[in-house]
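Residue-level listing of the chains:
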Amino acid sequence: SVLGERIDTSQIRNNTQPLFIEAVFEILDPKLKSNPAITEYLTSDDNNLIIQRTLTSDGKTKNKINGMTVTVGQLKALGNALIDFHGPHDHQMLLAEDHHLGLLDQLVDFKNTLDEYAQSFSAYEKTLRQLNQLNSLAQTRQRDLDLLTHQVKELESVPLSEETYNELLSDQAKLNNSERLHDHIQTLLSLLDDEEAGANLLLRKSFAPLKSVTQIDEHSTPLLEQLSSIQEQVHDLIAKLNDYADSLEFDPHTAQDIRNKCDSYDDIKRKYGPSLDEAKQFYGEAKAKLDLINNFEHNDSSLRAQLNTQEKELSKIATKITKARQKTAADLNTTIESELKELGINHVKFEVRFEKIPFERTGADKATFYISPNAGEDLKPLAQIVSSGEAARVMLALKKALIKVDPIPVLIFDEIDAQIGGRLGSITGKKLKELSKFRQVILITHLPQIASFADLHLKVIKSVKSGRATTEINTLTDKSRVQEIAQMMSGQDTNKISLSHAQEMIQQAERIKR
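Here the residue numbers are simple positions, counted from 1 along each chain's written sequence. Owing to the predicted nature of the model, reporting of local features is limited to residues with pLDDT of at least 70; listing and counting of side-chain atom pairs is limited to 80 or more, with chain, interface and lining totals taken over all residues. Excluding hydrogens and water, the side-chain values take into account all heavy atoms of the structure.

Student: Would you mind going over the overall build of the chain in detail, with residue names and values included?
Tutor: Going along the chain from the N terminus, every DSSP run of H or I of four or more residues is numbered as a helix, and every run of E of two or more is numbered as a strand. Looking only at helices and strands, the chain features 20 helices and 12 strands. For a compact globule the rule gives 2.2 Å times the number of residues to the power 0.38, and the radius of gyration it is set against comes from C-alpha atoms. In summary, the chain has a C-alpha radius of gyration of 43 Å against a globular reference of 24 Å for 514 residues, an excess of more than 25%. C-alpha extents for the chain along the principal axes are approximately 140 × 70 × 50 Å. Here the chain, with 514 residues, has 36% of them falling under the buried criterion. Here a residue-residue contact requires only that any non-hydrogen atoms of the pair lie within 4.5 Å. Long-range contacts, defined as pairs at least 24 residues apart, comprise 66% of the intrachain contacts of the chain with a sequence gap of at least 6. Split by element, the accessible area of the chain, about 30,600 Å² in all, is 50% carbon and sulfur. Residue burial is assigned from relative accessible area. The probe radius is 1.4 Å, only protein chains are included, and a residue is buried under 20% of its type maximum, exposed over 50%, and partly exposed in between. The method behind every accessible area is Shrake-Rupley, applied with a 1.4 Å probe, and residues are considered shielded solely by the protein chains displayed.

Student: Tell me about the layout of surface pockets, and name the residues and values.
Tutor: Buried and open spaces are told apart on a 1 Å grid over the protein atoms alone, a cavity being a set of points where a 1.4 Å probe fits but cannot get out and a pocket being an open set with protein on both sides within 12 Å along at least five of seven lines. Residues with an atom within 4 Å of a point are the lining residues. Grid points are joined across faces, edges and corners, and a volume is the space filled by probe spheres set on the points. Of the voids in this model, the largest pocket is the one considered here, and its volume is about 2,000 Å³. Around the largest pocket, the lining is made up of 47 residues, and of these Ile412, Ile442, Leu443, Ile444 and Leu458 lie nearest the centre.

Student: Which residues make up the sheet that holds strand 3 (residues 61-65), and what are the values?
Tutor: At least two bridges found by DSSP between two strands is the condition for calling them paired. Ordered in space as 1-2-3-4, the four strands form an open sheet in which the pairing is antiparallel. Two strands bound the open sheet, and with one partner strand each, they are strand 1 (19-26) and strand 4 (68-69). Alignment of strand 1 against strand 2 (residues 48-55), held across eight bridges, turns out to be antiparallel. Along strand 2, the bridge assignment pairs glutamate 26 with asparagine 48. Note on method: axes are straight lines fitted to C-alpha atoms, helices fitted across the in-contact stretch only, with angles between N-to-C directions ranging 0 to 180 degrees. Contacts from helix 3 (residues 72-82) reach strand 1, strand 2 and strand 3, with the element oriented near 135 degrees to strand 2.

Student: Pulling in residues and values, what's your account of the side chain of glutamate 339?
Tutor: Locating glutamate 339 in the fold gives a position in helix 14 (residues 296-342). By relative accessible area, glutamate 339 is classed as buried at 9%. The residues touching glutamate 339, leaving out its near neighbours within four places in the chain, are Ala397, Lys400 and Lys431.

Student: Which residues make up empty space enclosed by the protein, and what are the values?
Tutor: In total, this model carries one cavity of 30 Å³ or more according to the counting rule given. Looking at the largest cavity, the residues that line it are Glu339, Leu343, Leu396, Ala397, Lys400, Lys431 and Leu435. Listing elements by their share of the lining of the largest cavity, those giving two or more residues are helix 16 (388-402) and helix 17 (422-435). With three residues, helix 16 is the single largest residue contributor to the lining of the largest cavity. When residues are grouped by polarity, Ala, Val, Leu, Ile, Met, Phe, Trp, Tyr, Cys and Pro land in nonpolar, Asp, Glu, Lys and Arg in charged, and all others, Gly among them, in polar. The residue makeup of the lining of the largest cavity, split by class, is four nonpolar, no polar and three charged.

Student: Can you explain the sheet that holds strand 5 (residues 83-86)? Please cite residues and give values.
Tutor: Overall, parallel pairing links the three strands, which are arranged 5-9-10 in an open sheet. Lying at the two open borders of the sheet, with one neighbouring strand each, are strand 5 and strand 10 (440-444). Sheet twist, expressed as the average angle between the axes of neighbouring strands with direction ignored, equals 15 degrees. On top of the sheet, helix 3 reaches strand 5 and strand 9 (410-414); it is set at about 75 degrees to strand 5, its chief contact.

Student: Give a description of the confidence of the model for the chain that names residues and reports values.
Tutor: pLDDT expresses, on a scale from 0 to 100, how confident the predictor is about each individual residue. In this model, the chain carries a mean pLDDT of 84, and residues with pLDDT of at least 70 account for 92%. By mean pLDDT, the top-scoring element of the chain is strand 6 (residues 349-360) (94), and the lowest-scoring one is helix 4 (residues 92-95) (62).

Student: Quick one: what's the story with the packing of helix 19 (residues 478-490) against helix 20 (residues 496-513), residue by residue and with numbers?
Tutor: Viewed as axis vectors pointing N to C, helix 19 and helix 20 meet at an angle of 110 degrees, and their least axial separation amounts to 8 Å. As the angle between them shows, helix 19 and helix 20 are arranged roughly perpendicular. Helix-helix and strand crossings are classified by hand; for helix 19 and helix 20 the assignment is right-handed. On the side of helix 19, the interface is formed by Arg481, Val482, Gln483, Ile485, Ala486, Met489 and Ser490, while helix 20 contributes Ser498, Leu499, His501, Ala502, Gln503, Met505, Ile506 and Glu510. Considering only residue class, the contact of helix 19 with helix 20 consists of eight nonpolar, five polar and two charged. In this scheme, roughly parallel covers angles under 35 degrees and roughly antiparallel covers those over 145, while 65 to 115 is roughly perpendicular and the rest are oblique. What makes a crossing left-handed is the near helix being turned counterclockwise from the far one by less than a right angle; a clockwise turn instead makes it right-handed.

What follows is the structure, given as structure tokens:
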């Protein structure tokens, strides 16, 4: 639950009290620290991740990582990077053939080949989409040709420019209000340029008295210059008003053209908009499709030639990827067989087989794990042949093979001892101990041969106190550990012989561990 799994309130004894769960992980591996799911929670001088979950009495949860509030999704992403859990049914991933290639690829050193392939595959996919689009258009070619031709012609009837459209709206507004505008302009011209009482006349009459002033006081000369400037500005304003009045004179043909263009813009925005930018985007797509259809033979030939070139390039890179996988698979075959023989499957044969498939993002290979656990039997797909106990051992062997490339620091095995006897238990315990040199291994087991390899032995005790069931986890001392191993071998009753055997089993495990 601490790493994002749903908290079942039915498992909480007193749900009126808040539940608090905390886990602490020490992150020392630089590769693990750089994982995006982890790096944002660590500072340069801090290696600890403190994860806390609280469930309050009203059913609300609070999740924190190093004091930062996070979502359940972020907790799960962190959990996937920190813990690899293997329960009694967790070998199903191993039996699913879709996962085999991914498991193998964790071991392969592709160098830059996969990145090179990914770039080529993206270009190949783009060409393939274009060719499929062209072939799809070809099926309805004549119908689409008529429709697209009409659409493109309609969209080309006016410039798809907001500036041009706004100028046209301005002309339309002037056209619709030309009589009122003309009256207002004539009123302005009368006020400014009337021969009897216009501003221009009054300005001309102002020069005589102001000149008399300047003859008496020369410091008033700038006023005469200012009056002259005002007169020029009034003349300029009168000229512009006359020009504007002339622009209001629309001949019938121009007026109709403005109205027709405005109607065209309204239709275009209604059909392809509502904005001109959207209409422009539609035009670009329609024009491209029309060009494809009009040049079908040329485009089809060109795209097929391009696709053929890209397929050859992809095939060349995919072959490199396949060879790298095959080389690694041969090493994996040997490793898995060796590990499984030590785990008691003496006549095992293991093989990664490849099948060519159409180009995908990861290459052109399908990988399937084949196995023959018994002498004289043909190799068959792993999913068809192994028992659950064998699957658990194959998973353990695979984990051993992946240990150098899999960065997950904590491995949890729940009852990996299912269907494993005493002698195989010792071998399994040894393998788990080897894994613990590189990772923290937490194991839940009922088999004393496996438990004897532990560096730290915890005992889960369930009992009834004051009428209520309780669960305790105790750390065993050297003495109590011997007692526990003896009980695991012979039941609750122990004697000198079982205690001696337990002591010997622990000592033997210690010798193997060294």
